[in-house]
Amino acid sequence: MAVIVHVTMPLNSLPTVIRSLELRAFANKLNQGVNLKEFLPYLPTLITTLIVVPIGIYLQTRLKNIANSNDFLKAIEQLKKNTEAVESIKRQFDEKYWVKQQVWDTKRLAYEEILSCLYLTKEYIEDQIAYLTDYKDSFICIGSSIYDFENKGDKESYEEYVESEQQAFREKYETQEATVSRRELSTKTKKSFKKLESVFSINSIYLAPELRDIETLLGKLKNKLYDKQIIQDDHEATYDFLDRLIELHVSSSESVNDIITLAKKLAMDDLKLITK
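Residues numbered from 1 in each chain as written. Predicted model: local features only at pLDDT ≥ 70, side-chain atom pairs only at ≥ 80, totals over all residues. Heavy atoms only, no water.

Caption draft 1: The arrangement of the overall build of the chain in detail. If you tally the helices and strands in the chain, you get seven helices and zero strands. Expressed as a percentage of the 276 residues in the chain, the buried residues total 23%. Taking the contacts inside the chain whose residues are at least 6 apart along the sequence as the reference set, 75% of them involve residues at least 24 apart. When the accessible area of the chain is evaluated, it comes to approximately 20,400 Å², of which 57% is carbon and sulfur surface. (Helix = DSSP H or I, 4+ residues; strand = E, 2+ residues; numbered from the N terminus. Buried < 20%, exposed > 50% of the residue type's maximum accessible area, 1.4 Å probe, protein only. Contact = heavy atoms within 4.5 Å. Areas by Shrake-Rupley, 256 points an atom, 1.4 Å probe, with all protein chains shown as cover.)

The structure is reproduced here in structure tokens:
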């Protein structure tokens, strides 16, 4: 029984198979010895094999290289576009970050101005409290008191004590250096309040709305310390007047502490600062 074998192969490989068979047959003829007439039937195949096939292979390789080159150029062009897109995104991000950083810096400077003013005001108030308290103790509580001393020596000792206390006060508060220092502190505090007006008016668009409450509190504090004139009533004793002044400054100091606490908390939230 004959066995039929079906060989399946691509159609484009068929000529190559035929040429291979022809070349094999030609090689067998050469081994057996052939004359020119027997050689002629194999000449087309030989020419095809030696000339046409290499040219075809060359063209195929060349076209493949050109295709690869085009793909490479496309890849380069796409990479360039991707790079430009990335750079554009980076520029946009940098611009947004720069604007955000500028706003943050503006807020930070504003809060620094507010807190600097508050601490300067606190220093000024504490200086005023110390001055008024020492003055009252040195010139009102003891200096103006009239005591009936039975012993002349006791009276002289007391007078010496009063004089020493008053002299200590003068040396502490009434020297040229101390007077200038107190005046400069008062001037700096006033200027700091004045500077805050521009901080609130110019930078208000960047700041948290809650700062309006602090602005209101600072306005009331400034009015209490500088704008409102505190004078002694006609029938008011000096001791009572000084007490009223001291109480005013003590309450102002407490207000400053409350505003400092509020401003710090607001700054921490607005600037998104993290503390451990």
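Caption draft 2: Structural view of the pattern of salt bridges. This structure, assessed with the given rule, holds 10 salt bridges. Of the charged contacts in the structure, one is a salt bridge between R244 and E236, with a shortest N-O distance of 2.9 Å. (Salt bridge = Lys/Arg side-chain N within 4 Å of Asp/Glu carboxyl O.)

Caption draft 3: Broad picture of the side chain of S192. Tracing the backbone through its elements, the reader meets S192 in helix 5 (residues 176-202). The class for S192 is buried, based on a relative accessible area of 15%. With residues near it in sequence (within four places) discarded, S192 still touches C117 and L120.

Caption draft 4: Representation of the nonpolar core in the model. Core analysis: the largest hydrophobic core is formed by 30 residues, its most contacted members being I114, L118, L211, I214 and L218. Broken down by secondary-structure element, the contributors of at least two residues to this core are helix 3 (43-141), helix 5, helix 6 (211-227) and helix 7 (238-270). Top contributing element to this core by residue count: helix 3, with 10 residues. Those residues in contact with L218, other than ones at most four positions away along the chain, are I114, L118, F193, L196, F200 and I259. Listed in part, the 10 residues of the second largest apolar core include Y131, F241, L242 and I246. (Core = buried A, V, L, I, M, F, W, Y, C linked by side-chain atoms within 4.5 Å.)

Caption draft 5: Structural view of the packing of helix 5 against helix 6. Interaxial distance between helix 5 and helix 6 falls to 11 Å at its minimum, and their mutual angle equals 150°. Compared by their axis directions, helix 5 and helix 6 come out roughly antiparallel. Like other packed secondary-structure pairs, helix 5 and helix 6 cross with a definite hand, here left-handed. Together, S186, T189, K190, F193, L196, E197 and F200 of helix 5 and L211, R212, I214, E215, L218, L221, K222 and Y226 of helix 6 make up the contact between the two elements. A class-by-class count of the residues in the contact of helix 5 with helix 6 yields eight nonpolar, two polar and five charged. (Axes fitted to C-alpha atoms, helices over the stretch in contact; angles between N-to-C directions. Parallel < 35°, antiparallel > 145°, perpendicular 65-115°, else oblique. Left-handed = near helix turned anticlockwise from the far one by under 90°. Nonpolar A, V, L, I, M, F, W, Y, C, P; charged D, E, K, R; others polar.)

Caption draft 6: Structural view of the packing of aromatic side chains. Enumeration according to the criterion identifies nine aromatic pairs in this entry. Through a chain of ring-to-ring contacts, three or more aromatic side chains come together here, namely Y131, Y135, F139, F169 and Y173. (Phe/Tyr/Trp six-rings, centres within 6.5 Å; stacked < 30°, edge-to-face > 60°.)

Caption draft 7: Region of the structure containing the packing of helix 6 against helix 7. Contact geometry for helix 6 and helix 7: axes closest at 11 Å, N-to-C directions at 160°. Considering their axes alone, helix 6 and helix 7 lie roughly antiparallel with respect to each other. Both helix 6 and helix 7 take part in a crossing whose hand is left-handed. Counted together, L211, I214, L217, L218, L221, K224 and L225 of helix 6 and L248, H249, S251, S252, S255, V256, I259, L262, A263 and L266 of helix 7 form the full contact between these two elements. Along the lines of polarity and charge, the residues of the contact of helix 6 with helix 7 split into 12 nonpolar, four polar and one charged.

Caption draft 8: Region of the structure containing the environment of Q167. If you trace the backbone, Q167 turns up in helix 4 (residues 152-173). Given a relative accessible area of 33%, Q167 falls into the partly exposed group. Taking the C-alpha atoms as reference, Q167 lies 8.9 Å from S138; in sequence the two are 29 residues apart.

Caption draft 9: Local environment of helix 6. With 17 residues, helix 6 extends 22 Å between its outermost C-alpha atoms, agreeing within 8% with the 24 Å of an ideal straight helix rising 1.5 Å per residue. Looking only at helix 6, the buried set comprises L211, I214, L218, L221, L225 and Y226. All buried residues of helix 6 lie within an arc of 100° about the axis, which places them on one face of the element. (Expected span 1.5 Å × (residues − 1). Arc of directions from axis to C-beta.)

Caption draft 10: The side chain of K136, seen in detail. Relative to the elements of secondary structure, K136 occurs in helix 3. If we skip the residues at most four places from it in the chain, K136 touches C141, Y239, L242, D243 and I246.

Caption draft 11: Local environment of unusual backbone geometry. Located in the positive-phi region is K272, a residue other than glycine, with phi close to 55°. Structurally, the position occupied by K272 is in the segment after helix 7.

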